[in-house]
Amino acid sequence: MKKTFLTLVLTLVSFGALAETSGDLVKRGEYLARAGDCVACHTAKGGKPFAGGLAMATPIGTIYSTNITPDKQTGIGDYSYDDFQKAVRQGIAKTGDTLYPAMPYPSYAVVSDEDMHALYAYFMQGVPAVEQANKATDIPWPLSMRWPLAIWRKMFAPEVKPFEPTTQDDESVNRGRYLVEGLAHCGACHTPRSITMQEKVLNGQDNTTYLAGSSSPIDGWTASNLRGDNRDGLGRWSQQQLEQFLRYGRNDQTAVFGGMTDVVEHSLQYLTDADITAIARYLKTLAPQDPHQTPFTADDTVAKALWKGNDQQAGASEYVDSCAACHKTDGTGYKRFFPQLKGNPVVLADDPTSLIHIILTGARLPAVAGAPTAITMPAFGWRMNDQQVADLVNFVRSSWGNTQSSTVSASDVAKIREQDDVKGQQGSHSIETLEKRQ
């Protein structure tokens, strides 16, 4: 009787320890899924978390994210661990089909086995199952055929192998590199791509192309240069300013917009202080792509002219009427609320797409822990015509010391206005209605 009782006690203790270990693994997997921002891509607007259905525009058509809840019929509930890790790190679905590289499996190839097991535990045990069928792509035939993707994967996807820390960097910097190059897949947006759509380089080892900014707009926005360039990169930011931006989506110089809004809202705000510091420290080790880039030099000529009421320069009246209340006539804005335009890396970037887009459609700065006030910039596309927007963009890009050799034309604005991701985001009034009123 005593032996039976002792056996029962030991069994219960062992079961409790196993449950605790399993719970810890799921919790760690949840954190890693946050670091990978999985929810942002695998959740449609207004949909249930991880049930898929989010439309993603690509150069060959629209694809939709898949259901990655543990539903056995429509999700990944019947995936073994090996099925799961092949999909995440190699881009191979359980069916054997190659996944579209919108799934950043080239970055995930360095994710460790330990982290993969934690992620698998979370998606199988910590995510509610949702029965929601996956959507077919809107890619026309013959581009919709899957077999060319397998060739692409074999040509450009890296071999799955453990992340290798560098000996010249300390543990924190190596942790930051592991997150940036792996789960956070920063290069998927911030590294330029070749004509065959693969990232030109997958890590920052002795290559200044990595994280140098997107080569073309993604969902209507250009991803910024994250290297140490003085004008359009992070060269003028301190580590503390970079940490503030990563954690809160805002710092003394700028604020998030476009796709980066989702990254801060769903991912970065949940990371530990140690991981935020690690990412910032790693990014600050990246040398500038252009070490000879002319540094930004402030100039108060335009600010003095506006202060005196002189708004004769093209775009100046639009700026005074629509922008100055928040960004001030000297372009300095209000720290951590309305970003400064004076010397802003986004304004100084060669590609004006993001600046045009944000004027047309507005933007939302999310409320996060530590910065609980959400701030909205209104859309101006409904009441500004293409020429007015072009004049405003050129004014901002040439004032307060901002200098650009290229100018934006009304036709440039018109092209962006016609993009699917810009249509329908310009307020309740159309530009045609405005022009009729005028």
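Just above, that's the structure.
The structure presented is a predicted model; accordingly, all values stated were derived computationally and were not measured. Think of each chain on its own: its residues are numbered from 1, step by step along the sequence as written. Restriction of local features to residues with pLDDT of at least 70 applies here, the model being predicted, together with a cutoff of 80 or more for giving and counting side-chain atom pairs; totals for whole chains, interfaces and linings are based on all residues. Heavy atoms from the whole structure form the basis of all side-chain values; hydrogens and water molecules are not counted.

This paragraph deals with the overall build of the protein. Labels follow the DSSP assignment, with helices taken as runs of H or I lasting at least four residues and strands as runs of E lasting at least two, numbered in each case from the N terminus. Secondary structure summary: the protein contains 19 helices and four strands in total. A compact globule built from 438 residues should have a C-alpha radius of gyration of about 22 Å, and the protein, at 24 Å, falls within 12% of that. Counting only C-alpha atoms, the protein reaches 95 × 50 × 40 Å along its principal axes. Expressed as a percentage of its 438 residues, the buried residues of the protein come to 46%. With residues, only the protein chains shown are counted as cover, and all accessible areas are computed by Shrake-Rupley using a 1.4 Å probe. When the accessible surface of the protein is summed, it comes to about 22,200 Å², and 56% of that surface belongs to carbon and sulfur atoms. Under the convention used here, Asp and Glu are negative, Lys and Arg are positive, and both His and the chain ends fall outside the count. Taken as the charge location is NZ of Lys, CZ of Arg, CG of Asp or CD of Glu. Seen as two clouds, the 41 positive and the 48 negative side-chain charges of the protein have centres 3 Å apart. For the radius of gyration, the atoms used are the C-alpha atoms, and the globule rule reads 2.2 Å times the number of residues raised to 0.38. Exposure is judged per residue with a 1.4 Å probe applied to protein chains only, and the accessible area is read against the type maximum: over 50% gives exposed, under 20% gives buried, and values in between give partly exposed.

This part is about the side chain of S267. Relative to the elements of secondary structure, S267 occurs in the loop between α10 (259-266) and α11 (273-283). Contacts described as polar in this section are N or O atom pairs within 3.5 Å, which, within protein, must combine one atom able to donate a hydrogen with one able to accept it, while residues neighboring in sequence count only if both atoms come from side chains. A distance of 3.5 Å separates the side chain of S267 from the backbone oxygen of A35, its partner in a polar contact. Note on definitions: a residue-residue contact is assigned when non-hydrogen atoms from the two residues lie within 4.5 Å. When residues no more than four places from it in sequence are discounted, the contact partners of S267 are R34, A35, D37 and D262.

Now for the packing of helix α16 (residues 353-361) against helix α17 (residues 386-397). With their axes 10 Å apart at the nearest point, α16 and α17 run at an angle of 130° to one another. By the criterion of interaxial angle, the relationship of α16 to α17 is oblique. Two packed elements cross with a definite hand, and for α16 against α17 that hand is right-handed. Together, L355, I356, I359 and L360 of α16 and V389, L392, V393, V396 and R397 of α17 make up the contact between the two elements. Looking at the contact of α16 with α17, its residues break down into eight nonpolar, no polar and one charged. An axis is simply a line fitted to the C-alpha atoms; with a helix, the fit covers only the stretch in contact. Between two such axes, the angle follows the N-to-C directions and lies from 0 to 180 degrees. An angle below 35 degrees is read as roughly parallel, one above 145 as roughly antiparallel, one from 65 to 115 as roughly perpendicular, and any other as oblique. Two helices cross in a left-handed way if the nearer one is turned anticlockwise from the farther one by less than a right angle. They cross in a right-handed way if the turn is clockwise. Throughout, the ten residues Ala, Val, Leu, Ile, Met, Phe, Trp, Tyr, Cys and Pro are labelled nonpolar, Asp, Glu, Lys and Arg are labelled charged, and all others, Gly among them, are labelled polar.

Quick look at the environment of G61 now. Take G61: it is sitting in strand β2 (residues 61-64). Judged by its relative accessible area of 17%, G61 falls in the buried class. C-alpha separation for the pair G61 and D138, spaced 77 residues apart in sequence, amounts to 5.8 Å.

Here the focus is unusual backbone geometry. A cis amide bond links W141 to the next residue, P142, at an omega of 10°. If you trace the backbone, P142 turns up in the loop between α5 (113-126) and α6 (147-156). The phi dihedral of W400 is positive, around 60°, even though this residue is not glycine. Among the residues examined, W400 registers a relative accessible area of 1% and is labelled buried.

The subject of this paragraph is the side chain of D391. For D391, the position within the fold is in helix α17. Salt bridges are counted wherever a side-chain nitrogen of Lys or Arg sits within 4 Å of a carboxyl oxygen of Asp or Glu. Lacking a salt bridge, the buried D391 has R397 as its closest oppositely charged neighbour, with an N-O distance of 11 Å. Every residue in contact with D391, bar those within four places of it in the chain, is listed here: A314 and G315.

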